[in-house]
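Chain and residue survey
Spelled out from the first residue to the last, the chains are:
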Amino acid sequence: MKHFNKNIIDLYRKVLQVKTCPWCGSEHFIKHAKYHYTYRYKCKSCNRTFLPSTGTCIHYIHKKVQFYDYANVLKNEGLLSLSTMCKKFDIAPLTSFDWRHKLIMSIPRNDKFLGNEVIGYNLQFNFSRKGRKGILNPLSSIKAKGLLTDEKYKSQVFSLSNSKELVSKLVTVGEVKLQDIERTIAKNICLTKNLSFNQEIHGLTEFAKKKRFNLIDTTKKSLDNKKNIFKNNFSSLNLEFKVLINKIKKGVATKYLPLYCNYFVTFYSKKFSPFAKKIINQKFTWAFYTLTEQFYKEFILNYTEMNYAKPTKRKWKTSNKYYFKKEMFPY
Ligand SMILES: [Zn+2]
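Report on the accompanying structure. Just so it is clear, the model here is predicted, and its values are computed rather than measured.

Notes on the coordination of the zinc ion
Cys21 (SG), Cys24 (SG), Cys43 (SG) and Cys46 (SG) make up the full set of protein donors to the zinc ion, lying at 2.3 to 2.4 Å. The site at the zinc ion holds four donor atoms, and with the angles between them running 105 to 115 degrees, its shape is tetrahedral. Within one chain, the residues donating to the zinc ion are spaced in sequence as C-x2-C-x18-C-x2-C. Taken together, the positions of Cys24 in the loop between α1 (6-15) and β1 (29-35) and Cys46 in the loop between β2 (38-43) and β3 (49-50) put the pair 22 residues apart, joining distant regions of the chain.

Here you go:
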């Protein structure tokens, strides 16, 4: 069986778990039939059958062996260019793009509370519709008008850290309002006492007032020595991320930016492990992968002042039939 080597067999036998039906979430299912090195299961609630891999990032991947090695390059070497990966694995550019997105999409959203002392950094990227066919590069007309520095066109990424854990999220495009903070990073800082931040952000100031915590503007107020070292390291880490996105990848579409934020923080914390049990068993990956365009549309229309235009045309039949919690999606 050319699609199965030892790594893949081990993955099916030892790593992939079946706890609920990926279609309806029910815990009532039975073994249905043998399937290669594993079983096909049948749900007693919805009657549908599934494999341990259904819904995960490896779902519908034909070249599983290459996919496994591809994931390990992403884990050990970081983001290499699409063309490098195409050559390395003898795959088409679209395949390489899809594989990367499926892998980074299986990292769950991090809503953990970060503790009393948190440091934050605001990274801004140009709003990008890269990859959308039939749209003029929105930045070319903006550039002509000299508006490129206008905040209105900036994708706002907030990174947070408590020195042990890193979180990075796309908050909105344009001005950051209170509701954007509440929708994205509120859980991470809801009980925080001191938040040091590198920019004055209106929505964040409002949130701090509401939750009664100290918001320390690190551009104005000097920190003690220990905190200062941490602040400087954290700033360079964020700038490294910015360089990675802007130079190596020549910009990422805003649509995919939250995924790269997630990848960035897990890679730098040395926690990106695509075949760890808690990652590969995220059965929402396929649903999210196929619904990204829809979620992006909702994000743009509901939470930004940008126009939504020229949707990508790719469609998958089964998108809406999977069981998933939308809150896990990183917008
Ligand atoms: Zn079911």
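Further notes follow.
A few points about the packing of aromatic side chains
In total, this model carries 29 aromatic pairs according to the counting rule given. Here the aromatic rings of Phe29 and Tyr41 are separated by 5.8 Å at their centres, their planes lie at 90 degrees, and the arrangement is edge-to-face. Linking Phe29 in strand β1 with Tyr41 in strand β2, this pair joins segments that are twelve residues apart in sequence. An angle of 10 degrees between the planes, with centres 5.1 Å apart, marks the rings of Phe299 and Tyr331 as stacked. Linking Phe299 in helix α12 (residues 285-303) with Tyr331 in the segment after α12, this pair joins segments that are 32 residues apart in sequence. Of the two residues, Phe299 and Tyr331, neither departs from the other in class, the shared state being buried. Here a set of aromatic residues connected by ring pairs shows up, and it is made of Phe284, Phe288, Phe295, Tyr296, Phe299, Tyr308, Phe329 and Tyr331. Positioned above the aromatic ring of Tyr39 is the side chain of Lys31, whose terminal nitrogen or guanidinium carbon lies 4.3 Å from the ring centre. Between Lys102 and the ring centre of Tyr289, over which it is positioned, the NZ or CZ distance is 4.7 Å.

Definitions and cut-offs
- Residues numbered from 1 in each chain as written.
- Predicted model: local features only at pLDDT ≥ 70, side-chain atom pairs only at ≥ 80, totals over all residues.
- Heavy atoms only, no water.
- Donors = N, O, S within 2.8 Å, 3.2 Å for Na, K, Ca; no water.
- Tetrahedral: all angles 85-135°; square planar, octahedral: opposite > 155°, others 65-115°.
- Helix = DSSP H or I, 4+ residues; strand = E, 2+ residues; numbered from the N terminus.
- Phe/Tyr/Trp six-rings, centres within 6.5 Å; stacked < 30°, edge-to-face > 60°.
- Buried < 20%, exposed > 50% of the residue type's maximum accessible area, 1.4 Å probe, protein only.
- Lys NZ or Arg CZ within 6 Å of the ring centre and 35° of its normal.

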